[in-house]
Amino acid sequence: MSPALAGAAPGQPVPLKVLHVAAEVFPLVKTGGLADVVAALPPALIAAGADVRLLVPGLPQMAQAIEQPRRVLDLGAQFGAGRVSLMLGRMPDTGVPVYFIDAPYLYRRGGGPYQDTRGQEWGDNLQRFALLGWVAAHLSAGELDPDWAPDVMHAHDWHAGMACAYVAGHPPTQAASVYTVHNLAYQGLFPTADFPWLGLSSRFMSPAGLEFHGQVSFMKAGLKFADRVTTVSPGYAREIATLEHGFGLDGVIRGRGTDVHGIINGIDESLWNPLTDPGIAQRFDAETVSAGKAACKRALQQEFGLDTKAAGPLCGLVSRLTSQKGLDLVLAALPALLQRGGQLVLQGNGDPSLEAAFRMAQQAHAGHVGVKLVYDEDLAHRVMAGADLVLVPSRFEPCGLTQMYAQRYGALPVVRRVGGLADTVVDATPETLAADQATGFMFDAASGHALEGAIHRACDVLVEPVTWQQMRRRAMACSFSWEGPAQQYLSLYREAIAARAAQPRGVPEG
Ligand code: ADP
Ligand code: GLC
């Protein structure tokens, strides 16, 4: 992928300048789909004519991999770090310009972006992510880089939420702000006693500001102070305004009314393409899918130590192991799957009790259940390529990417009818099958029994080769390109700029 790094050609309109602010970006730092989005959306916006840059914390993997880094400005001591600098380089592969904050005391350490190697949240996450927001706001005010300032600052998830509060608290800022919720379950909550670290007027520490049930909420900073709020599917946009899915913030979201938009994620269709994928056993497209998937299925069965049989559905699962993802439903539905001659491969890591449960399932059903408790990008491609079905039984799912990867690879998704899953899969019913629209199987209740029902329906279709082939081709033909979503973001940016010009969001009334 090589985006046209659009500058303003003579006679052309000046491109909209957009700064994306996030804690993760694939392939440098990734804990979930956020990183994929932050990697793929900027090139799509650039291809659509925008002038886009990224801002990320200088985590070790960022500082090592960002190409041609140069110092833009020394920022001195900030948020407890003795030495902070703003650097600018380029993303490997895409060449998208990327600022990173070099603050060794806060960012240069082992472990993950949010947690240490034992899975404990870093004790100074407030300072680490307040710094990210503070730099974003001052860059947006045109105070840090004499050569570039954005028209729109687009912050992702709680890690970047403070950027919106700092923009609101800094009146010279011209840039509009957009905040995207990728997952409302993770909110960035901190003790009130730490509020003074943020350097904001005490008026921000009120229910109209960052205060959330006696804590400081970075998620709320984004929701309250951004000129426009988005989330990653229309379905999840509706759900987060409800008590059931609002994680206590549904009132705040309803309060933003029509400022809240759902824009579905795309996927990087050049990276997730079975015809060009360098790591799968046999490449294929819709014409060669039967032979290609048969070879990939055999290779996957061998890799996971399963019986190499062609019949019966091989179900794949690539996931963080958390309660969100509904993996207990899979354990409950496993006997029914095995009884229908199915097999399961699970790739994922996280919750130790889920890890142990899947390890036990593997031992109990050797040859039929294979488990790899690892994080491995290449393996995820092989799972998509070899699986007949991909299970995504999430309790909630803001968008979800694996059901889209699955469809590209001719693996039919079995998903719960929730959030972005309901927006990206067409359930097989007599009507959708007759209209050649069906791409997967959906179920409603968050129960093993309901998942079992969907698995039975999938097994019934699997033994009807004509219908199976039809669904597989339909799924593979779906476009999940970023082109459409990028256009939607561009019009939202214009809306945010107009809203800010009409009435900037400022410090809460005292
Ligand atoms: P979430 O962001 O909630 O985890 P998504 O479906 O949006 O869910 O994105 C998950 C991303 O992480 C996908 O790109 C998926 O392939 C990847 N992923 C999850 N677990 C693993 C793993 N164990 N190894 C490799 N990739 C993984
Ligand atoms: C979050 C959500 C997931 C979404 C991803 C990218 O991690 O859990 O549903 O696809 O962000 O937006």
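Shown above is the structure to which this text applies.
All residue numbers refer to positions counted from 1 along the written sequence of the respective chain. Each chain is given a letter, starting from A, and each ligand a number, starting from 1, according to the order in which they appear as written. Only residues with pLDDT of at least 70 are given local features in this predicted model, and only at 80 or more are side-chain atom pairs given and counted; all residues enter the totals for whole chains, interfaces and linings. As a rule here, side-chain values cover all heavy atoms of the structure and leave hydrogens and water aside.

**With respect to the nonpolar core**
- Residues grouped as a nonpolar core are buried Ala, Val, Leu, Ile, Met, Phe, Trp, Tyr and Cys residues, joined through side-chain atoms within 4.5 Å. Throughout, exposure labels follow a simple rule: accessible area from a 1.4 Å probe, protein chains only, divided by the maximum for the residue type, with under 20% read as buried, over 50% as exposed, and the rest as partly exposed. Of all hydrophobic cores here, the largest spans 107 residues; its most connected members are Leu55, Leu198, Leu210, Phe218 and Leu223.
- Any two residues whose heavy atoms approach within 4.5 Å at even a single point are treated as in contact. Not counting residues up to four positions away in its chain, the partners in contact with Leu198 are Phe79, Leu126, Ala130, Met162, Tyr166, Leu210, Val216 and Phe218.
- Membership of the second largest hydrophobic core comes to 36 residues, among which are Val289, Val383, Val415 and Cys478.

**Some words on the site of ligand 2**
- Residues are classed as near a molecule or strand on a simple rule: at least one heavy atom within 4 Å of it. Every one of the 13 residues lining ligand 2 counts as a neighbour, but His182, Asn265, Glu397, Cys399 and Gly400 are closest to it.
- Gln324 is positioned such that a nitrogen or oxygen atom in its side chain is 3.3 Å from an oxygen atom of ligand 2.
- Contacts to ligand 2 include Pro398, whose backbone N or O atom sits 3.4 Å from an oxygen atom.
- Accessible areas in this description were obtained via Shrake-Rupley with a 1.4 Å probe; residue shielding takes into account the shown protein chains only. Here ligand 2 has 310 Å² of accessible area as a free molecule, and 93% of this is covered by the chains.
- Each residue is assigned to one of three groups, with Ala, Val, Leu, Ile, Met, Phe, Trp, Tyr, Cys and Pro labelled nonpolar, Asp, Glu, Lys and Arg labelled charged, and all others, Gly among them, labelled polar. Here the shell around ligand 2 is composed, by residue class, of six nonpolar, six polar and one charged. A 3.5 Å cut-off defines polar contacts: any pair of N or O atoms within that distance qualifies, except that in protein one atom must be a possible hydrogen donor and the other a possible acceptor, and neighbouring residues in sequence count only when both atoms are side-chain atoms.

**Regarding the site of ligand 1**
- Of all residues adjacent to ligand 1, which total 20 residues, the nearest are Lys30, Gly33, Arg320, Gln347 and Val374.
- Contacts to ligand 1 include Gln347, whose side-chain N or O atom sits 2.8 Å from a nitrogen atom.
- Here Val374 contributes a backbone N or O atom positioned 2.8 Å from a nitrogen atom of ligand 1.
- Secondary structure elements follow DSSP: runs of H or I of four or more residues count as helices, runs of E of two or more count as strands, with numbering from the N terminus. Looking at the shell around ligand 1, the elements that each hand over two or more residues are α1 (33-47), β13 (314-321), β14 (343-350) and α13 (402-408).
- Considering every element that reaches the shell around ligand 1, the biggest residue donor is β13, with three residues.
- Broken down by class, the residue content of the shell around ligand 1 amounts to five nonpolar, eight polar and seven charged.

**Thoughts on the sheet that holds strand β2 (residues 51-57)**
- With mixed pairing, nine strands are arranged side by side in an open sheet as β3-β4-β5-β2-β1-β6-β7-β11-β12. Of all the strands in the sheet, the pair left with one neighbour each is β3 (67-78) and β12 (260-262). Averaged over all pairs of adjacent strands, the angle between their axes in this sheet comes to 20°, without regard to strand direction.
- With six bridges joining them, strand β4 (residues 81-90) and strand β5 (residues 97-102) adopt antiparallel strand pairing. Opposite Leu88, over in β5, you have Tyr99 as the bridge partner.
- Relative to the sheet, α1 contacts β1 (17-21), β2 and β6 (152-156), its axis offset from that of β2 by approximately 155°.
- Helix axes are fitted to C-alpha atoms over the stretch in contact, other axes to C-alpha atoms as well, and angles between N-to-C directions run from 0 to 180 degrees. On the sheet, helix α18 (residues 483-502) packs against β1, β6, β7 (176-181), β11 (228-231) and β12 and is oriented at approximately 130° with respect to β7. By definition, two strands form a pair when at least two bridges between them are found by DSSP.

**Focus on the pairing of strand β17 (residues 412-416)**
- Among the five residues that make up β17, five are buried, leaving the element largely enclosed by the rest of the structure.
- Note: β17 against strand β18 (residues 441-443), three bridges, orientation parallel. Directly across from Val415, in β18, lies its bridge partner Met442.

**What to know about the sheet that holds β13**
- Taken together, six strands build an open sheet; the order of strands is β15-β14-β13-β16-β17-β18 and the sheet is parallel. Lying at the two open borders of the sheet, with one neighbouring strand each, are β15 (369-372) and β18. Pairs of neighbouring strands in the sheet enclose a mean axial angle of 20°, with direction left out of account.
- Here eight bridges tie β13 to β14, and the two strands are oriented parallel to one another. If you follow Val318 over to β14, its bridge partner there is Gln347.
- The strands touched by helix α10 (residues 327-339) are β13, β14, β15, β16 (389-392) and β18; relative to β13, the strand with the most contacts, the crossing angle is about 165°.

**A word on unusual backbone geometry**
- The omega torsion of the bond from Phe26 to Pro27 falls at 5°, within 30 degrees of zero and hence cis.
- Look at Phe79: it is not a glycine, yet its phi comes out positive at around 50°.
- Along the chain, Phe79 turns up in the loop between β3 and β4.

**Concerning the packing of aromatic side chains**
- Any two of the Phe, Tyr and Trp rings considered here, Trp counted by its six-membered ring, make a pair once their centres fall within 6.5 Å; the pair's planes then place it as stacked at under 30 degrees, edge-to-face at over 60, or tilted in between. Tallied over the entire structure, the rule returns 13 aromatic pairs.
- Relative to Trp148, the ring of Tyr99 has its centre 6.2 Å away and its plane inclined at 45°; by these criteria the two rings are tilted. On the criterion of sequence distance, the pair formed by Tyr99 in strand β5 and Trp148 in the loop between α4 (125-140) and β6 is long-range, its members being 49 residues apart. For the pair Tyr99 and Trp148, a shared accessibility class is recorded, and that class is buried.
- Site record: aromatic cluster; members linked through ring pairs are Tyr114, Phe129, Trp158, Phe190 and Phe218.
- Above the ring of Phe304, the side-chain terminus of Lys372 is found at 5.1 Å from the ring centroid. Only when the NZ atom of a Lys or the CZ atom of an Arg is both within 6 Å of the ring centre and within 35 degrees of the ring normal do we say a charge sits over the ring.

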